[in-house]
Amino acid sequence: MAEWNLVEAVNHALAHELAADPAIVLLGEDIGVNGGVFRATIGLQQQFGAERVIDTPLAEAAIAGVAVGMAAMGLKPVAEIQFTGFIYPAMDQIVNHASRMRHRTRGRMSCPLVLRSPCGGGIHAPEHHSESPEAMFAHVPGLRVVMPSSPRRAYGLLLAAMRDPDPVIFLEPTRLYRLYREEVEDVGAALPLDTCFTLRDGADLTLVSWGAMVTETLMAADVLAQQGVMAEVIDVATLKPLDMGTILASVARTGRCIVVHEAARSAGLGAEIAAHIAEEGIYSLRAPVLRVTGYDVVMPLGRLEKQYLPDSQRILAAAKRTLEDT
């Protein structure tokens, strides 16, 4: 058992799978000699060689295209896009090729690649380094979208992603990389994909979140508990496919739901979750589903980040509103 922060958990998951599976290959900008811009791959090229931990040019479309080709030919590439703001040139390869390989070939071929990328704000970076595009990827059939919220879940979910036979978009919340440490058992045990994690039980209110926002959501749940309100906290973790069974079961117990996400409000995953609840669980609701989200603007520069990012106070205000509804 070791205590790791999230970026160390990612590093150890990559190292474990490189050692266990000779088909695993890492590629990305500065991931080899420099160990990545956040040092997520530090030491891996020295340990496993430049043939398996490959420094690439500054060319996101090429990184994704090469990864698709590797996957089609039997390798299991794990490609890093340095920031999600740089991922858009790679969308052609991701959407038109990676996501469709299994269907295009009627199951004769699969595309077992993982595309890793730091995401989200909170580190005072320019706006192209602070994107939260998870809903865009979740809209694409054939892609699995995963976003961990802790070191332990980052380790287990990344292992599961690397063992999945189809493409996985693995978004790593930059703000959590070094926020705190957690005990993680480095035994190569994967966590289940396509499953929500219930982090806290409660009977009065369901709080649903993922990624970095889970931290603020748990903080709000602590304050609510001091006020006598027991909130159930659910970490979605796998955003596509969505485990609505866990969320609906929680809403059936509590009758109220707030969805918290950092991404812009319009067409975010919060709207998808609310729609599912309206379609399948409306008779459980004692109040409307509420969303606490980022705004429909470009992520501001560092000085204004706190005004953009949802915080525990905004979650508490939403909780007060929904608890006042009869």
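Throughout what follows, the structure given in this document is the object of discussion. Predicted model only: the values in this text are computed from it and were never measured.

Parameters at a glance
Residues numbered from 1 in each chain as written. Predicted model: local features only at pLDDT ≥ 70, side-chain atom pairs only at ≥ 80, totals over all residues. Heavy atoms only, no water. Core = buried A, V, L, I, M, F, W, Y, C linked by side-chain atoms within 4.5 Å. Buried < 20%, exposed > 50% of the residue type's maximum accessible area, 1.4 Å probe, protein only. Helix = DSSP H or I, 4+ residues; strand = E, 2+ residues; numbered from the N terminus. Contact = heavy atoms within 4.5 Å. Pairing = 2+ DSSP bridges. Axes fitted to C-alpha atoms, helices over the stretch in contact; angles between N-to-C directions. Expected span 1.5 Å × (residues − 1). Polar contact = N/O pair within 3.5 Å; in protein donor to acceptor, adjacent residues only side chain to side chain.

### With respect to the nonpolar core
Ranked by internal contacts, the top residues of the largest apolar core, which has 44 residues, are I94, I247 and I273. If you tally residues by element for this core, the top one is helix 3 (residues 60-72), at 6 residues. For I247, the contacting residues outside a window of four places in its chain are C196, V208, I234, V236, I273 and I277. With 38 residues, the next largest nonpolar core counts A15, V53, L158 and A160 among its residues.

### Describing the sheet that holds strand 7 (residues 168-173)
With mixed pairing, 7 strands are arranged side by side in an open sheet as 3-2-4-5-7-6-12. Edge positions in the sheet fall to strand 3 (53-55) and strand 12 (238-240), since each of these pairs with one other strand and no more. Between one strand axis and the next, the sheet turns through 20 degrees on average, direction left out of account.

### Section: helix 7 (residues 151-162)
Taking 1.5 Å of rise per residue, the 12 residues of helix 7 would be expected to cover 16 Å, and the 17 Å separating its terminal C-alpha atoms lies within 8% of that figure. With respect to burial, helix 7 is a largely interior element, 11 of its 12 residues being buried. Listing the buried residues of helix 7 in full gives P151, R153, A154, Y155, G156, L157, L158, L159, A160, A161 and M162.

### Observations concerning the side chain of D166
Structurally, D166 is set in the loop between helix 7 and strand 7. Separated by 2.8 Å, the side chains of D166 and R102 make a polar contact. Those residues in contact with D166, other than ones at most four positions away along the chain, are R102, S110, C111, P112 and L113.

Geometric values such as these leave the question of function open.
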